[in-house]
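Below, each chain spelled out in residue letters.
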Amino acid sequence: MAQPPYDPYGYASQDPYAQQQYPPAQVQHHYYGSAPVAVRTNGMATAAMILGIIGIFTCGFGSILAVIFGHVAQGQIRRTGEGGSGMAVAGLIMGYIMLALGLLYWIVVVGLYGAAWWTINESGSGSTY
C-alpha cells in the first residue's frame, strides 16, 4: 500500500498556498423599481420640425410657423420636462435659415425689378422740360 506524501505543514494535505475552493456564486437579481417610463414628446416640437422640413421643400412656406412652434415648444419643454427639445431646435434652425434665404431672395428680386424699372423710366423719358 502506498502512503500519502509527507505533509511538512501538518495540515493533512491542505497547502496554505493552494488556491481555495469557493462555492459557486449565487445569482443576484437587482430590482431598482419599475421599468423606465418613456418621456412624452412635445407635439409642438414635432410640428416645428415637420414645418421646417416642409419649408425647405416649399421655398420657405411654413418656415415662419416652424419658428413660432419651435419657440413655443421650447417654452413648454422647459416648463413641463417633456422630450423633443432637439426637434424644436431643428425646426427653429431650418425655419430661420429658410426665412433668411427667403428674405435674401426677395431683396434680390425687388432690387432687380427696381433697377429694371428705373432703367426703363430713365431711357424712356428722352424729352427735356
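Since the structure is predicted, the reported quantities are computational estimates derived from the model, not experimental observations. Counting restarts for each chain, with residues numbered from 1 along the sequence as it is written. Thresholds applied to this predicted model are a pLDDT of at least 70 for local features of residues and 80 or more for the giving and counting of side-chain atom pairs; totals over whole chains, interfaces and linings are not thresholded and use all residues. Side-chain measures here rest on the full set of heavy atoms in the structure, leaving out hydrogens and waters.

J.: Can you tell me about the overall build of the chain, naming the residues and giving the values?
T.: In terms of regular secondary structure, the chain is built from three helices and zero strands. Only DSSP runs of H or I reaching four residues or more are called helices, and only runs of E reaching two or more are called strands; each is numbered from the N terminus. Element order for the chain, N to C, with α for helix and β for strand: α-α-α. Out of the 129 residues in the chain, the part that is buried amounts to 19%. In the chain, 64% of the contacts between residues at least 6 apart in sequence involve partners at least 24 apart. Method for areas: the Shrake-Rupley scheme with a 1.4 Å probe, in which residue coverage is limited to the protein chains shown. Surface summary for the chain: the accessible area is close to 10800 Å², and the carbon and sulfur share equals 67%. For every residue, the accessible area obtained with a 1.4 Å probe (protein chains only) is divided by the maximum for its type, and the residue is called buried under 20%, exposed over 50%, and partly exposed between those limits. Here a residue-residue contact requires only that any non-hydrogen atoms of the pair lie within 4.5 Å.

J.: Describe in detail the side chain of Asn42, supporting the description with residues and values.
T.: Within the element layout of this structure, Asn42 appears in the segment before α1 (43-57). You can call Asn42 buried: its relative accessible area is 1%. At a separation of 2.8 Å, a polar atom in the side chain of Asn42 contacts the side chain of Glu82. Each residue touching Asn42, except ones within four places of it in the same chain, is listed here: Ala73, Gln76, Ile77, Glu82 and Gly83. Each polar contact in these results corresponds to two N or O atoms within 3.5 Å; when the atoms are within protein, one needs to be able to donate a hydrogen and the other to accept it, and residues that are neighboring in sequence are counted only if both atoms are side-chain atoms.

J.: Provide a residue-level description of a nonpolar patch on the surface, including the pertinent values.
T.: To count toward a patch, a residue needs a relative accessible area over 30% and no salt bridge; like charges are then connected within 9 Å, while nonpolar side chains (Val, Leu, Ile, Met, Phe, Trp, Tyr) are connected within 5 Å. Criterion for a salt bridge: a side-chain nitrogen of Lys or Arg within 4 Å of a carboxyl oxygen of Asp or Glu. A contiguous nonpolar patch, built from Val89, Ile93, Ile97, Leu101, Leu104, Val108 and Leu112 and spanning about 630 Å² of accessible area, is present on the exposed surface. Within the secondary structure layout, Ile97 lies in helix α3 (residues 85-124).

J.: Now, about α1: what can you tell me, with residues and values included?
T.: An α-helix turns once per 3.6 residues; consequently, residues spaced three or four apart project the same way. Multiplying one less than the number of residues by 1.5 Å gives the expected span of a helix. Here α1 contains 15 residues, and its C-alpha end-to-end distance of 22 Å stays within 8% of the 21 Å for a straight helix at 1.5 Å per residue. Among all positions of α1, only Ala45, Ala48, Leu51, Gly52 and Gly55 are buried. The buried residues of α1 occupy an angular sector of 130 degrees when the element is viewed end-on, so they sit on one face. One side-chain oxygen at the N-terminal end of α1 lies 2.7 Å from the backbone nitrogen of Met44; it belongs to Asn42. Just past α1, the residue Cys59 takes up positive phi, approximately 55 degrees. Here the arc refers to the directions that run from the helix axis out to each C-beta atom.

J.: Describe in detail the environment of Thr46, supporting the description with residues and values.
T.: Locating Thr46 in the fold gives a position in helix α1. Not counting the four nearest positions on each side in its chain, Thr46 is found in contact with Thr41 and Met87.

J.: Tell me about the packing of aromatic side chains, and please be specific about residues and values.
T.: The pairing test for Phe, Tyr and Trp rings, Trp by its six-membered ring, is centres within 6.5 Å, and the orientation test on the planes gives stacked under 30 degrees, edge-to-face over 60, and tilted for anything in between. Summed over the entire model, instances satisfying the criterion amount to one aromatic pair. Ring geometry for Tyr105 versus Trp106: centroids 5.3 Å apart, planes at 75 degrees, classification edge-to-face. For Tyr105, a relative accessible area of 49% corresponds to the partly exposed category. Overall, Trp106 belongs to the exposed group, its relative accessible area being 54%.

J.: I'd like to hear about unusual backbone geometry, residue by residue, with values.
T.: In the Ramachandran plot, Cys59 falls in the positive-phi region, its phi being about 55 degrees despite a non-glycine side chain. Secondary-structure assignment places Cys59 in the loop between α1 and α2 (63-80).

J.: Which residues make up the packing of α1 against α2, and what values do they have?
T.: To obtain each axis, a line is fitted to C-alpha atoms, and for helices this fit is confined to the stretch in contact; angles are then taken between N-to-C directions over 0 to 180 degrees. Their axes nearest at 8 Å, the elements α1 and α2 cross at an angle of 160 degrees. By the angle between their axes, α1 is roughly antiparallel relative to α2. Regarding α1 and α2, the two cross each other, and that crossing is left-handed. In this structure, α1 contributes Met44, Ala45, Ala47, Ala48, Leu51, Gly52 and Gly55 to the contact, and α2 contributes Ser63, Leu65, Ala66, Phe69, Gly70, Val72, Ala73, Gln76 and Ile77. Put simply, Ala, Val, Leu, Ile, Met, Phe, Trp, Tyr, Cys and Pro go in the nonpolar bin, Asp, Glu, Lys and Arg in the charged bin, and everything else, Gly too, in the polar bin. The class makeup of the residues in the contact of α1 with α2 is 11 nonpolar, five polar and no charged. Every angle not falling under 35 degrees, over 145, or within 65 to 115 is termed oblique; those three ranges are roughly parallel, roughly antiparallel and roughly perpendicular. In this scheme, a crossing is called left-handed if the near helix is turned counterclockwise away from the far one by less than a right angle; it is called right-handed if the turn is clockwise.

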